[in-house]
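Observations on chain architecture
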Amino acid sequence: MTGSMTQGSEMTAQTTGPQWWRHGVVYQIYPRSFMDGDGDGIGDLAGATARLPYLHDLGVDAVWFTPWYLSPQADGGYDVADYRRIDPRFGALADAEKFITQANELGIRTIIDIVPNHVSDQHRWFQAALAAAPGSPERARFWFADGKGPGGDQMPTNWLSSFRGHTWTRTTDPDGRPGQWYLHLFTREQPDLNWTNPEVRAEHESILRFWFDRGVAGVRVDSAALIIKDPALPDLPEGSVAPGRHPFLDRDGIHDVYRSWRAVAQSYDPPRILVGEVWLEDPARFAAYLAPDEMNTAFNFDFMARAWDCDQLRASITETLAAHASIGAPPTWVLSNHDVTRPVTRYGRDDSSFAFEKKRFGTPTDIELGTRRARAALLLCAALPGSVYIYQGEELGLPEDEELPREAIEDPMHFRSGGVDPGRDGCRVPLPWTEQSATNFGFSGTDDPDPAWLPQPEWWGQYAVERESADPGSMLSFYREVLALRRTHSDLGRSGFAWSQAGSTCLAFRRGAISCVVNFGPGPVALPEGDLVLASGPVEGRMIGPDVAAWLRVDPAEQAHPTDQIDQTELVRQINKQHNHAKE
Ligand code: GLC
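Residues numbered from 1 in each chain as written. Predicted model: local features only at pLDDT ≥ 70, side-chain atom pairs only at ≥ 80, totals over all residues. Heavy atoms only, no water.

Quick look at helix α12 (residues 367–383)
The end-to-end C-alpha distance of α12, which contains 17 residues, comes to 24 Å, matching closely the 24 Å that a straight helix rising 1.5 Å per residue would cover. Burial analysis of α12 places 13 of its 17 residues in the buried class, the great majority of the element. One side-chain oxygen at the N-terminal end of α12 lies 3.1 Å from the backbone nitrogen of E368; it belongs to D366. (Helix = DSSP H or I, 4+ residues; strand = E, 2+ residues; numbered from the N terminus. Expected span 1.5 Å × (residues − 1). Buried < 20%, exposed > 50% of the residue type's maximum accessible area, 1.4 Å probe, protein only. Polar contact = N/O pair within 3.5 Å; in protein donor to acceptor, adjacent residues only side chain to side chain.)

What follows is the structure in C-alpha coordinates.
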(Lines give C-alpha, C1' and ligand atoms only; values in the text may rest on other atoms or scores of the structure.)
Protein backbone atom coordinates (compact mmCIF):
# COMPACT_ATOMS: atom_id res chain seq x y z
CA MET A 1 0.00 0.00 0.00
CA THR A 2 1.25 3.47 -0.66
CA GLY A 3 0.47 5.73 2.19
CA SER A 4 -3.13 4.79 2.77
CA MET A 5 -4.76 2.55 5.34
CA THR A 6 -6.40 -0.51 3.91
CA GLN A 7 -9.34 -2.14 5.54
CA GLY A 8 -9.24 -5.80 6.46
CA SER A 9 -12.39 -7.70 5.59
CA GLU A 10 -14.11 -9.72 8.27
CA MET A 11 -11.74 -9.04 11.16
CA THR A 12 -13.15 -7.80 14.43
CA ALA A 13 -11.55 -7.18 17.79
CA GLN A 14 -13.80 -9.82 19.30
CA THR A 15 -12.36 -13.25 19.31
CA THR A 16 -15.72 -14.90 19.02
CA GLY A 17 -17.18 -16.24 15.81
CA PRO A 18 -15.84 -18.66 13.26
CA GLN A 19 -13.18 -16.22 12.05
CA TRP A 20 -11.53 -16.03 15.49
CA TRP A 21 -8.34 -17.61 14.12
CA ARG A 22 -7.65 -14.57 11.96
CA HIS A 23 -6.57 -12.54 14.98
CA GLY A 24 -6.79 -14.72 18.09
CA VAL A 25 -4.07 -15.33 20.68
CA VAL A 26 -3.03 -18.98 21.00
CA TYR A 27 -1.12 -20.32 24.00
CA GLN A 28 1.05 -23.38 23.45
CA ILE A 29 1.03 -26.02 26.18
CA TYR A 30 3.84 -28.55 26.29
CA PRO A 31 1.90 -30.95 28.54
CA ARG A 32 4.89 -32.61 30.16
CA SER A 33 6.07 -29.30 31.55
CA PHE A 34 3.02 -27.10 32.10
CA MET A 35 1.47 -28.36 35.36
CA ASP A 36 1.63 -31.68 37.18
CA GLY A 37 -1.67 -32.58 38.85
CA ASP A 38 -0.66 -35.86 40.51
CA GLY A 39 2.81 -35.27 41.92
CA ASP A 40 4.77 -37.65 39.70
CA GLY A 41 6.96 -34.83 38.37
CA ILE A 42 5.40 -34.99 34.88
CA GLY A 43 2.85 -32.46 33.70
CA ASP A 44 -0.60 -33.79 32.89
CA LEU A 45 -4.12 -32.92 31.81
CA ALA A 46 -5.50 -32.67 35.34
CA GLY A 47 -2.79 -30.08 36.02
CA ALA A 48 -3.56 -28.18 32.82
CA THR A 49 -7.28 -28.18 33.63
CA ALA A 50 -6.57 -26.78 37.07
CA ARG A 51 -4.67 -23.90 35.45
CA LEU A 52 -7.45 -22.88 33.07
CA PRO A 53 -8.27 -19.82 35.20
CA TYR A 54 -4.64 -18.72 34.77
CA LEU A 55 -4.98 -18.96 30.99
CA HIS A 56 -8.27 -17.13 31.11
CA ASP A 57 -6.73 -14.29 33.14
CA LEU A 58 -3.82 -14.12 30.73
CA GLY A 59 -6.37 -13.44 28.00
CA VAL A 60 -5.81 -16.19 25.46
CA ASP A 61 -8.39 -17.37 22.93
CA ALA A 62 -7.11 -20.88 22.38
CA VAL A 63 -4.52 -23.36 23.57
CA TRP A 64 -2.48 -25.66 21.37
CA PHE A 65 -1.29 -28.86 23.01
CA THR A 66 1.86 -30.47 21.67
CA PRO A 67 1.12 -34.22 21.33
CA TRP A 68 -0.76 -35.76 24.23
CA TYR A 69 -1.10 -39.19 22.65
CA LEU A 70 0.22 -42.56 23.73
CA SER A 71 3.93 -42.38 23.00
CA PRO A 72 7.24 -43.88 24.10
CA GLN A 73 8.47 -40.23 24.14
CA ALA A 74 11.49 -40.90 21.94
CA ASP A 75 10.91 -37.38 20.58
CA GLY A 76 8.86 -35.62 23.24
CA GLY A 77 5.57 -37.18 22.10
CA TYR A 78 6.14 -36.63 18.35
CA ASP A 79 6.49 -40.39 18.12
CA VAL A 80 2.83 -41.34 18.35
CA ALA A 81 1.91 -44.94 19.10
CA ASP A 82 -1.87 -44.42 19.08
CA TYR A 83 -3.57 -41.22 17.89
CA ARG A 84 -6.81 -42.02 19.67
CA ARG A 85 -5.38 -42.60 23.14
CA ILE A 86 -3.95 -40.17 25.66
CA ASP A 87 -0.56 -41.10 27.09
CA PRO A 88 -1.19 -42.46 30.60
CA ARG A 89 1.45 -40.06 31.92
CA PHE A 90 -0.95 -37.26 30.96
CA GLY A 91 -4.25 -38.94 31.86
CA ALA A 92 -7.03 -40.59 29.90
CA LEU A 93 -9.43 -39.65 27.13
CA ALA A 94 -11.94 -38.47 29.74
CA ASP A 95 -9.34 -35.97 31.02
CA ALA A 96 -8.88 -34.58 27.52
CA GLU A 97 -12.65 -34.28 27.11
CA LYS A 98 -12.89 -32.56 30.47
CA PHE A 99 -10.17 -30.08 29.50
CA ILE A 100 -11.86 -29.30 26.18
CA THR A 101 -15.25 -28.76 27.84
CA GLN A 102 -14.01 -26.66 30.74
CA ALA A 103 -11.80 -24.59 28.46
CA ASN A 104 -14.77 -23.95 26.16
CA GLU A 105 -16.78 -22.75 29.15
CA LEU A 106 -14.12 -20.09 29.68
CA GLY A 107 -14.12 -19.16 25.99
CA ILE A 108 -10.82 -20.96 25.33
CA ARG A 109 -10.63 -23.27 22.31
CA THR A 110 -8.41 -26.35 22.15
CA ILE A 111 -6.10 -27.07 19.24
CA ILE A 112 -4.20 -30.37 19.16
CA ASP A 113 -1.12 -31.53 17.34
CA ILE A 114 -1.48 -33.98 14.46
CA VAL A 115 1.68 -35.75 13.36
CA PRO A 116 1.09 -37.04 9.81
CA ASN A 117 4.66 -37.52 8.59
CA HIS A 118 5.59 -40.39 10.87
CA VAL A 119 4.43 -42.66 13.68
CA SER A 120 6.23 -44.28 16.58
CA ASP A 121 8.07 -47.50 15.83
CA GLN A 122 5.74 -48.94 18.52
CA HIS A 123 2.62 -48.04 16.48
CA ARG A 124 0.66 -51.21 15.57
CA TRP A 125 1.07 -50.49 11.86
CA PHE A 126 4.83 -50.37 12.07
CA GLN A 127 5.03 -53.45 14.23
CA ALA A 128 2.86 -55.25 11.65
CA ALA A 129 5.12 -53.96 8.87
CA LEU A 130 8.23 -55.31 10.58
CA ALA A 131 6.56 -58.70 10.97
CA ALA A 132 5.41 -58.77 7.33
CA ALA A 133 7.38 -59.59 4.20
CA PRO A 134 8.85 -57.14 1.68
CA GLY A 135 6.17 -56.06 -0.79
CA SER A 136 3.33 -56.71 1.69
CA PRO A 137 0.40 -54.30 2.22
CA GLU A 138 1.66 -53.76 5.79
CA ARG A 139 5.00 -52.45 4.50
CA ALA A 140 3.27 -50.35 1.83
CA ARG A 141 2.07 -47.94 4.51
CA PHE A 142 5.71 -46.94 5.08
CA TRP A 143 8.82 -46.45 2.97
CA PHE A 144 10.58 -49.79 2.99
CA ALA A 145 13.27 -50.25 0.33
CA ASP A 146 16.10 -52.56 -0.54
CA GLY A 147 19.54 -51.19 0.07
CA LYS A 148 21.96 -50.31 -2.69
CA GLY A 149 25.22 -52.01 -3.42
CA PRO A 150 26.31 -55.60 -2.90
CA GLY A 151 24.15 -57.29 -0.28
CA GLY A 152 21.95 -54.19 -0.15
CA ASP A 153 24.05 -52.81 2.66
CA GLN A 154 24.07 -49.20 1.50
CA MET A 155 21.21 -46.86 2.32
CA PRO A 156 18.61 -46.46 -0.44
CA THR A 157 19.16 -42.67 -0.67
CA ASN A 158 21.60 -40.02 0.54
CA TRP A 159 18.90 -37.99 2.32
CA LEU A 160 19.97 -36.33 5.55
CA SER A 161 17.78 -35.72 8.58
CA SER A 162 16.98 -32.28 10.00
CA PHE A 163 17.88 -34.04 13.25
CA ARG A 164 21.31 -34.64 11.68
CA GLY A 165 22.61 -37.91 10.36
CA HIS A 166 21.07 -40.43 8.02
CA THR A 167 17.41 -41.20 7.42
CA TRP A 168 17.37 -44.98 6.91
CA THR A 169 17.56 -47.90 9.32
CA ARG A 170 17.99 -51.49 8.26
CA THR A 171 15.64 -54.17 9.52
CA THR A 172 16.50 -57.73 10.43
CA ASP A 173 14.62 -60.58 8.78
CA PRO A 174 13.12 -63.45 10.87
CA ASP A 175 16.10 -65.65 9.97
CA GLY A 176 18.46 -63.08 11.50
CA ARG A 177 19.76 -61.84 8.14
CA PRO A 178 19.84 -58.11 7.31
CA GLY A 179 16.64 -57.11 5.55
CA GLN A 180 15.12 -54.03 3.95
CA TRP A 181 15.65 -50.47 5.10
CA TYR A 182 12.94 -48.07 6.30
CA LEU A 183 12.85 -44.30 5.97
CA HIS A 184 12.70 -41.91 8.94
CA LEU A 185 13.28 -38.23 8.32
CA PHE A 186 13.64 -37.80 12.10
CA THR A 187 14.78 -40.47 14.57
CA ARG A 188 14.81 -44.20 13.86
CA GLU A 189 11.90 -44.48 16.31
CA GLN A 190 9.79 -42.33 13.92
CA PRO A 191 9.23 -44.26 10.66
CA ASP A 192 7.76 -42.13 7.85
CA LEU A 193 4.32 -42.95 6.52
CA ASN A 194 3.73 -43.35 2.80
CA TRP A 195 1.10 -40.78 1.85
CA THR A 196 0.53 -42.28 -1.57
CA ASN A 197 -1.16 -45.14 0.28
CA PRO A 198 -4.95 -44.63 0.48
CA GLU A 199 -5.13 -46.33 3.89
CA VAL A 200 -2.80 -43.69 5.33
CA ARG A 201 -5.02 -40.90 4.02
CA ALA A 202 -8.22 -42.55 5.23
CA GLU A 203 -6.78 -43.22 8.66
CA HIS A 204 -5.76 -39.60 9.19
CA GLU A 205 -9.12 -38.27 8.09
CA SER A 206 -10.70 -40.63 10.59
CA ILE A 207 -8.32 -39.38 13.32
CA LEU A 208 -9.26 -35.79 12.50
CA ARG A 209 -12.94 -36.66 12.85
CA PHE A 210 -12.28 -38.51 16.11
CA TRP A 211 -10.96 -35.31 17.70
CA PHE A 212 -13.22 -32.84 15.90
CA ASP A 213 -16.17 -34.88 17.21
CA ARG A 214 -14.79 -34.32 20.71
CA GLY A 215 -14.89 -30.56 20.29
CA VAL A 216 -11.33 -29.63 19.42
CA ALA A 217 -11.27 -26.37 17.48
CA GLY A 218 -8.48 -27.36 15.13
CA VAL A 219 -5.18 -29.07 14.57
CA ARG A 220 -1.60 -27.96 14.31
CA VAL A 221 -0.09 -30.00 11.50
CA ASP A 222 3.40 -31.20 12.41
CA SER A 223 6.16 -31.13 9.78
CA ALA A 224 3.48 -30.29 7.25
CA ALA A 225 5.78 -29.74 4.26
CA LEU A 226 7.49 -33.13 4.51
CA ILE A 227 4.77 -35.72 4.12
CA ILE A 228 5.02 -36.45 0.38
CA LYS A 229 8.10 -38.18 -1.03
CA ASP A 230 9.24 -38.81 -4.56
CA PRO A 231 8.28 -42.51 -4.97
CA ALA A 232 11.33 -43.08 -7.17
CA LEU A 233 13.48 -42.36 -4.07
CA PRO A 234 16.14 -40.44 -5.99
CA ASP A 235 19.26 -39.12 -4.29
CA LEU A 236 19.21 -35.48 -3.32
CA PRO A 237 21.41 -33.71 -5.89
CA GLU A 238 24.16 -31.40 -4.74
CA GLY A 239 23.40 -27.68 -4.83
CA SER A 240 20.00 -26.06 -4.96
CA VAL A 241 16.89 -27.89 -6.07
CA ALA A 242 14.11 -26.22 -8.07
CA PRO A 243 10.89 -25.60 -6.10
CA GLY A 244 8.71 -28.69 -6.04
CA ARG A 245 11.57 -30.94 -7.20
CA HIS A 246 13.03 -31.78 -3.81
CA PRO A 247 12.55 -35.50 -3.11
CA PHE A 248 10.87 -34.97 0.27
CA LEU A 249 10.33 -31.27 0.96
CA ASP A 250 7.33 -29.28 -0.24
CA ARG A 251 6.31 -31.53 -3.10
CA ASP A 252 3.33 -30.34 -5.07
CA GLY A 253 1.18 -33.38 -4.25
CA ILE A 254 1.01 -32.23 -0.64
CA HIS A 255 -1.71 -29.69 -1.36
CA ASP A 256 -4.19 -32.34 -2.33
CA VAL A 257 -3.90 -33.88 1.15
CA TYR A 258 -4.54 -30.60 2.94
CA ARG A 259 -7.43 -29.76 0.65
CA SER A 260 -9.12 -32.96 1.74
CA TRP A 261 -8.38 -32.16 5.40
CA ARG A 262 -9.86 -28.69 5.01
CA ALA A 263 -13.00 -30.25 3.57
CA VAL A 264 -13.27 -32.41 6.71
CA ALA A 265 -12.66 -29.38 8.92
CA GLN A 266 -15.25 -27.30 7.05
CA SER A 267 -17.90 -29.98 7.47
CA TYR A 268 -18.10 -29.10 11.19
CA ASP A 269 -20.01 -26.31 12.84
CA PRO A 270 -18.19 -24.18 13.67
CA PRO A 271 -15.59 -25.12 11.07
CA ARG A 272 -12.42 -26.51 12.59
CA ILE A 273 -9.08 -25.01 11.59
CA LEU A 274 -5.71 -26.23 10.28
CA VAL A 275 -2.49 -24.55 11.42
CA GLY A 276 0.59 -25.62 9.51
CA GLU A 277 4.11 -26.12 10.75
CA VAL A 278 5.65 -25.08 7.43
CA TRP A 279 9.38 -24.27 7.45
CA LEU A 280 9.97 -22.90 3.93
CA GLU A 281 12.13 -20.02 2.82
CA ASP A 282 10.25 -19.14 -0.34
CA PRO A 283 7.29 -16.88 0.58
CA ALA A 284 5.27 -17.93 -2.46
CA ARG A 285 5.70 -21.64 -1.76
CA PHE A 286 4.77 -20.93 1.89
CA ALA A 287 1.69 -18.95 0.91
CA ALA A 288 0.49 -21.81 -1.28
CA TYR A 289 -0.36 -23.76 1.91
CA LEU A 290 -2.75 -20.97 2.86
CA ALA A 291 -5.01 -21.13 -0.18
CA PRO A 292 -8.66 -20.65 0.82
CA ASP A 293 -9.29 -24.39 0.55
CA GLU A 294 -6.17 -25.49 2.47
CA MET A 295 -4.70 -24.45 5.81
CA ASN A 296 -6.17 -21.53 7.72
CA THR A 297 -2.85 -20.28 9.03
CA ALA A 298 0.79 -21.34 9.33
CA PHE A 299 3.60 -20.40 11.68
CA ASN A 300 5.68 -17.45 10.58
CA PHE A 301 9.13 -18.86 11.26
CA ASP A 302 10.81 -16.29 9.07
CA PHE A 303 9.91 -13.53 11.51
CA MET A 304 10.79 -15.69 14.51
CA ALA A 305 14.23 -16.59 13.20
CA ARG A 306 15.32 -13.05 12.33
CA ALA A 307 17.81 -11.11 14.41
CA TRP A 308 16.63 -8.25 16.62
CA ASP A 309 17.42 -5.73 13.94
CA CYS A 310 15.33 -2.94 12.47
CA ASP A 311 15.99 -3.68 8.79
CA GLN A 312 15.70 -7.42 9.24
CA LEU A 313 12.35 -7.25 10.99
CA ARG A 314 10.99 -4.58 8.68
CA ALA A 315 11.85 -6.79 5.70
CA SER A 316 10.28 -9.82 7.31
CA ILE A 317 7.07 -7.97 8.20
CA THR A 318 6.77 -6.46 4.72
CA GLU A 319 7.32 -9.82 3.02
CA THR A 320 4.98 -11.58 5.41
CA LEU A 321 2.15 -9.11 4.87
CA ALA A 322 2.60 -9.19 1.12
CA ALA A 323 2.75 -12.98 0.90
CA HIS A 324 -0.38 -13.38 3.03
CA ALA A 325 -2.25 -10.57 1.28
CA SER A 326 -1.62 -12.35 -2.00
CA ILE A 327 -3.77 -15.22 -0.81
CA GLY A 328 -6.13 -13.51 1.68
CA ALA A 329 -4.79 -15.38 4.70
CA PRO A 330 -3.92 -13.81 8.06
CA PRO A 331 -0.28 -13.94 9.17
CA THR A 332 0.86 -15.35 12.50
CA TRP A 333 3.45 -13.83 14.82
CA VAL A 334 5.51 -16.26 16.83
CA LEU A 335 8.41 -15.54 19.18
CA SER A 336 9.01 -19.04 20.47
CA ASN A 337 7.89 -22.65 20.70
CA HIS A 338 9.09 -25.95 22.17
CA ASP A 339 11.80 -26.31 19.50
CA VAL A 340 13.64 -22.99 19.66
CA THR A 341 15.80 -21.02 22.09
CA ARG A 342 13.67 -18.89 24.39
CA PRO A 343 13.46 -15.24 23.24
CA VAL A 344 14.99 -13.53 26.30
CA THR A 345 18.09 -15.69 25.82
CA ARG A 346 18.18 -15.43 22.03
CA TYR A 347 17.66 -11.66 21.89
CA GLY A 348 20.45 -11.16 24.43
CA ARG A 349 23.08 -12.76 22.20
CA ASP A 350 25.46 -10.96 19.83
CA ASP A 351 23.87 -12.92 17.02
CA SER A 352 20.19 -12.88 17.92
CA SER A 353 18.93 -14.73 14.84
CA PHE A 354 17.80 -18.33 15.26
CA ALA A 355 19.01 -21.40 13.38
CA PHE A 356 19.07 -24.99 14.64
CA GLU A 357 22.55 -25.55 13.18
CA LYS A 358 24.03 -22.71 15.22
CA LYS A 359 23.07 -24.02 18.65
CA ARG A 360 26.10 -24.64 20.87
CA PHE A 361 26.78 -24.94 24.59
CA GLY A 362 28.27 -21.86 26.23
CA THR A 363 27.10 -19.14 23.81
CA PRO A 364 27.06 -15.97 25.94
CA THR A 365 23.92 -13.92 26.42
CA ASP A 366 22.76 -10.82 28.28
CA ILE A 367 19.41 -11.74 29.82
CA GLU A 368 18.58 -8.17 30.83
CA LEU A 369 19.03 -6.95 27.28
CA GLY A 370 17.17 -9.98 25.91
CA THR A 371 14.28 -9.34 28.30
CA ARG A 372 14.01 -5.71 27.26
CA ARG A 373 13.89 -6.77 23.62
CA ALA A 374 11.43 -9.58 24.27
CA ARG A 375 9.04 -7.10 25.89
CA ALA A 376 9.33 -4.81 22.88
CA ALA A 377 8.90 -7.79 20.56
CA LEU A 378 5.60 -8.70 22.21
CA LEU A 379 4.27 -5.17 21.73
CA LEU A 380 5.35 -5.35 18.11
CA CYS A 381 3.72 -8.74 17.48
CA ALA A 382 0.51 -7.83 19.29
CA ALA A 383 0.11 -4.73 17.10
CA LEU A 384 0.56 -6.50 13.78
CA PRO A 385 -2.38 -7.86 11.76
CA GLY A 386 -2.97 -11.56 12.32
CA SER A 387 -2.83 -14.03 15.19
CA VAL A 388 -0.25 -14.32 17.96
CA TYR A 389 1.27 -17.49 19.44
CA ILE A 390 2.70 -17.63 22.98
CA TYR A 391 4.74 -20.61 24.15
CA GLN A 392 4.26 -21.49 27.82
CA GLY A 393 6.74 -19.62 30.03
CA GLU A 394 7.31 -16.91 27.44
CA GLU A 395 4.80 -14.82 29.39
CA LEU A 396 7.05 -15.22 32.46
CA GLY A 397 10.14 -14.13 30.55
CA LEU A 398 11.74 -17.50 31.31
CA PRO A 399 15.27 -17.77 29.95
CA GLU A 400 16.47 -20.91 28.22
CA ASP A 401 17.93 -23.23 30.86
CA GLU A 402 21.42 -23.62 29.45
CA GLU A 403 22.84 -25.43 32.46
CA LEU A 404 20.85 -28.64 32.36
CA PRO A 405 23.02 -31.51 33.56
CA ARG A 406 24.04 -33.51 30.48
CA GLU A 407 22.69 -36.69 32.01
CA ALA A 408 19.24 -35.09 32.29
CA ILE A 409 18.98 -34.23 28.60
CA GLU A 410 16.45 -36.35 26.68
CA ASP A 411 16.17 -34.56 23.35
CA PRO A 412 17.27 -36.70 20.38
CA MET A 413 18.61 -33.60 18.62
CA HIS A 414 21.32 -33.48 21.28
CA PHE A 415 22.28 -37.13 20.88
CA ARG A 416 22.13 -37.18 17.09
CA SER A 417 24.57 -34.25 17.01
CA GLY A 418 27.07 -36.27 19.00
CA GLY A 419 26.43 -34.01 21.99
CA VAL A 420 27.43 -30.80 20.16
CA ASP A 421 23.93 -29.33 19.94
CA PRO A 422 22.47 -28.75 23.43
CA GLY A 423 19.08 -29.77 22.05
CA ARG A 424 15.68 -28.35 22.89
CA ASP A 425 15.22 -29.36 26.52
CA GLY A 426 16.41 -25.95 27.76
CA CYS A 427 13.05 -24.46 26.73
CA ARG A 428 11.06 -27.43 28.06
CA VAL A 429 11.90 -27.25 31.76
CA PRO A 430 8.73 -27.50 33.92
CA LEU A 431 7.17 -24.13 34.74
CA PRO A 432 7.64 -22.40 38.10
CA TRP A 433 4.28 -21.56 39.68
CA THR A 434 5.57 -20.71 43.19
CA GLU A 435 8.92 -19.90 44.74
CA GLN A 436 9.00 -23.19 46.70
CA SER A 437 11.90 -25.20 45.31
CA ALA A 438 11.06 -28.15 47.60
CA THR A 439 7.79 -28.74 45.73
CA ASN A 440 9.15 -28.33 42.18
CA PHE A 441 8.36 -24.61 42.35
CA GLY A 442 4.67 -25.45 42.52
CA PHE A 443 4.83 -27.43 39.28
CA SER A 444 3.59 -30.52 41.08
CA GLY A 445 0.30 -30.09 42.84
CA THR A 446 1.35 -31.97 46.00
CA ASP A 447 3.59 -31.27 49.00
CA ASP A 448 5.79 -34.27 48.44
CA PRO A 449 6.26 -34.69 44.71
CA ASP A 450 8.70 -36.77 42.71
CA PRO A 451 11.44 -34.62 41.15
CA ALA A 452 10.39 -32.77 38.01
CA TRP A 453 11.17 -34.84 34.88
CA LEU A 454 13.72 -32.22 33.85
CA PRO A 455 15.51 -30.55 36.76
CA GLN A 456 14.59 -26.90 37.35
CA PRO A 457 17.49 -24.53 38.04
CA GLU A 458 17.87 -22.98 41.51
CA TRP A 459 16.99 -19.53 40.22
CA TRP A 460 13.67 -20.68 38.70
CA GLY A 461 11.63 -19.18 41.59
CA GLN A 462 12.32 -15.62 40.56
CA TYR A 463 10.17 -16.27 37.46
CA ALA A 464 7.32 -17.94 39.36
CA VAL A 465 3.76 -17.07 38.40
CA GLU A 466 2.98 -16.31 42.05
CA ARG A 467 5.81 -13.80 42.29
CA GLU A 468 5.26 -12.17 38.90
CA SER A 469 1.52 -11.85 39.51
CA ALA A 470 2.29 -9.63 42.49
CA ASP A 471 4.75 -7.44 40.57
CA PRO A 472 3.24 -4.87 38.20
CA GLY A 473 6.59 -4.54 36.45
CA SER A 474 6.95 -8.25 35.67
CA MET A 475 6.81 -9.87 32.25
CA LEU A 476 3.59 -11.63 33.27
CA SER A 477 1.87 -8.37 34.21
CA PHE A 478 3.04 -6.91 30.91
CA TYR A 479 1.66 -9.84 28.88
CA ARG A 480 -1.68 -9.58 30.68
CA GLU A 481 -1.88 -5.86 30.01
CA VAL A 482 -0.90 -6.14 26.36
CA LEU A 483 -3.39 -8.91 25.64
CA ALA A 484 -6.17 -7.04 27.43
CA LEU A 485 -5.44 -3.85 25.49
CA ARG A 486 -5.29 -5.78 22.23
CA ARG A 487 -8.83 -6.92 22.87
CA THR A 488 -10.17 -3.50 23.76
CA HIS A 489 -8.50 -1.63 20.88
CA SER A 490 -10.67 -2.84 18.10
CA ASP A 491 -8.44 -1.29 15.41
CA LEU A 492 -5.78 -3.87 16.17
CA GLY A 493 -8.19 -6.52 14.99
CA ARG A 494 -9.95 -4.65 12.24
CA SER A 495 -7.72 -2.17 10.51
CA GLY A 496 -5.22 -2.34 7.76
CA PHE A 497 -1.56 -1.63 8.11
CA ALA A 498 0.67 1.20 6.96
CA TRP A 499 4.31 1.86 7.65
CA SER A 500 5.14 5.30 9.04
CA GLN A 501 8.38 7.15 8.56
CA ALA A 502 10.51 6.76 11.63
CA GLY A 503 14.22 7.08 10.89
CA SER A 504 16.65 4.32 10.14
CA THR A 505 16.71 2.68 13.56
CA CYS A 506 13.00 2.67 14.32
CA LEU A 507 10.02 0.70 13.08
CA ALA A 508 6.74 2.58 13.12
CA PHE A 509 3.35 1.69 11.69
CA ARG A 510 -0.29 2.54 12.00
CA ARG A 511 -3.28 0.31 12.54
CA GLY A 512 -6.27 2.65 12.48
CA ALA A 513 -6.20 4.69 15.67
CA ILE A 514 -3.18 2.84 17.06
CA SER A 515 0.38 3.61 16.15
CA CYS A 516 3.25 1.32 17.18
CA VAL A 517 6.87 2.45 17.44
CA VAL A 518 9.91 0.27 18.19
CA ASN A 519 13.33 1.76 18.89
CA PHE A 520 16.19 -0.51 17.76
CA GLY A 521 18.81 2.24 17.93
CA PRO A 522 21.50 2.81 20.53
CA GLY A 523 19.98 6.02 21.93
CA PRO A 524 16.62 7.43 23.01
CA VAL A 525 14.06 8.55 20.41
CA ALA A 526 11.14 10.93 20.67
CA LEU A 527 7.69 9.43 20.38
CA PRO A 528 5.54 10.71 17.54
CA GLU A 529 2.27 12.49 18.22
CA GLY A 530 -0.48 10.66 20.05
CA ASP A 531 -1.56 9.64 23.53
CA LEU A 532 0.66 7.00 25.02
CA VAL A 533 -1.28 3.78 25.55
CA LEU A 534 1.51 1.51 26.74
CA ALA A 535 5.27 1.15 26.48
CA SER A 536 7.49 -1.88 27.01
CA GLY A 537 10.02 0.17 29.02
CA PRO A 538 10.40 3.57 30.65
CA VAL A 539 9.13 6.71 28.91
CA GLU A 540 10.78 9.92 30.02
CA GLY A 541 9.56 13.22 28.63
CA ARG A 542 8.05 11.41 25.60
CA MET A 543 11.36 9.68 24.88
CA ILE A 544 11.79 5.90 24.74
CA GLY A 545 15.16 4.24 25.22
CA PRO A 546 16.91 1.57 23.14
CA ASP A 547 14.95 -1.66 22.59
CA VAL A 548 11.70 -0.16 23.82
CA ALA A 549 8.37 -0.19 21.97
CA ALA A 550 5.27 1.93 22.50
CA TRP A 551 1.66 2.09 21.39
CA LEU A 552 0.05 5.48 20.87
CA ARG A 553 -3.53 6.47 20.22
CA VAL A 554 -3.81 8.79 17.26
CA ASP A 555 -6.67 10.40 15.40
CA PRO A 556 -7.46 7.87 12.67
CA ALA A 557 -8.72 10.63 10.38
CA GLU A 558 -5.39 12.38 10.48
CA GLN A 559 -2.30 11.26 8.69
CA ALA A 560 -0.10 11.55 11.79
CA HIS A 561 3.13 11.19 9.90
CA PRO A 562 3.81 10.59 6.25
CA THR A 563 4.15 6.95 5.36
CA ASP A 564 7.07 5.35 3.62
CA GLN A 565 6.53 4.44 0.05
CA ILE A 566 6.34 0.69 0.67
CA ASP A 567 4.62 -0.51 -2.43
CA GLN A 568 2.85 -3.58 -1.21
CA THR A 569 0.91 -4.04 -4.42
CA GLU A 570 4.17 -4.42 -6.27
CA LEU A 571 5.39 -6.94 -3.71
CA VAL A 572 2.22 -8.97 -4.06
CA ARG A 573 2.66 -8.89 -7.82
CA GLN A 574 6.21 -10.18 -7.55
CA ILE A 575 5.24 -12.92 -5.17
CA ASN A 576 2.39 -14.04 -7.42
CA LYS A 577 4.79 -14.11 -10.32
CA GLN A 578 7.19 -16.34 -8.39
CA HIS A 579 4.30 -18.53 -7.36
CA ASN A 580 3.04 -18.98 -10.90
CA HIS A 581 6.56 -19.61 -12.07
CA ALA A 582 6.96 -22.30 -9.40
CA LYS A 583 3.77 -24.00 -10.59
CA GLU A 584 4.88 -24.15 -14.22
C1 GLC B 1 8.20 -30.78 14.60
C2 GLC B 1 8.05 -30.61 16.09
C3 GLC B 1 9.29 -31.12 16.76
C4 GLC B 1 9.46 -32.57 16.39
C5 GLC B 1 9.51 -32.78 14.89
C6 GLC B 1 9.36 -34.22 14.52
O7 GLC B 1 9.20 -29.97 14.09
O8 GLC B 1 7.76 -29.28 16.42
O9 GLC B 1 9.24 -30.95 18.14
O10 GLC B 1 10.66 -33.04 16.96
O11 GLC B 1 8.43 -32.11 14.27
O12 GLC B 1 8.05 -34.66 14.75
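Resuming the write-up.
Details of the site of the ligand
Around the ligand there are 14 residues in total, and D75, D222, E277, H338 and D339 lie nearest to it. Between the ligand and H338 there is a distance of 2.9 Å, counted from an oxygen atom to a side-chain nitrogen or oxygen. Between D339 and the ligand, the recorded distance is 2.5 Å, taken from a side-chain N or O atom to an oxygen atom. Tallied by class, the residues present in the shell around the ligand amount to three nonpolar, four polar and seven charged. (Near = heavy atom within 4 Å. Nonpolar A, V, L, I, M, F, W, Y, C, P; charged D, E, K, R; others polar.)

A short note on unusual backbone geometry
Geometrically, the link from D269 to P270 is a cis peptide bond, its omega value of -5° lying close to zero. In this fold, P270 is placed in the loop between α7 (254–266) and β10 (273–276). Residue R542 is not a glycine yet carries a positive backbone phi of 60°. Relative to the helices and strands, R542 is located in the loop between β19 (539–540) and β20 (543–544). For R542, a relative accessible area of 36% puts it in the partly exposed group. A positive phi angle, close to 60°, is found at D547, a residue other than glycine. Locating D547 in the fold gives a position in the loop between β20 and β21 (548–553).

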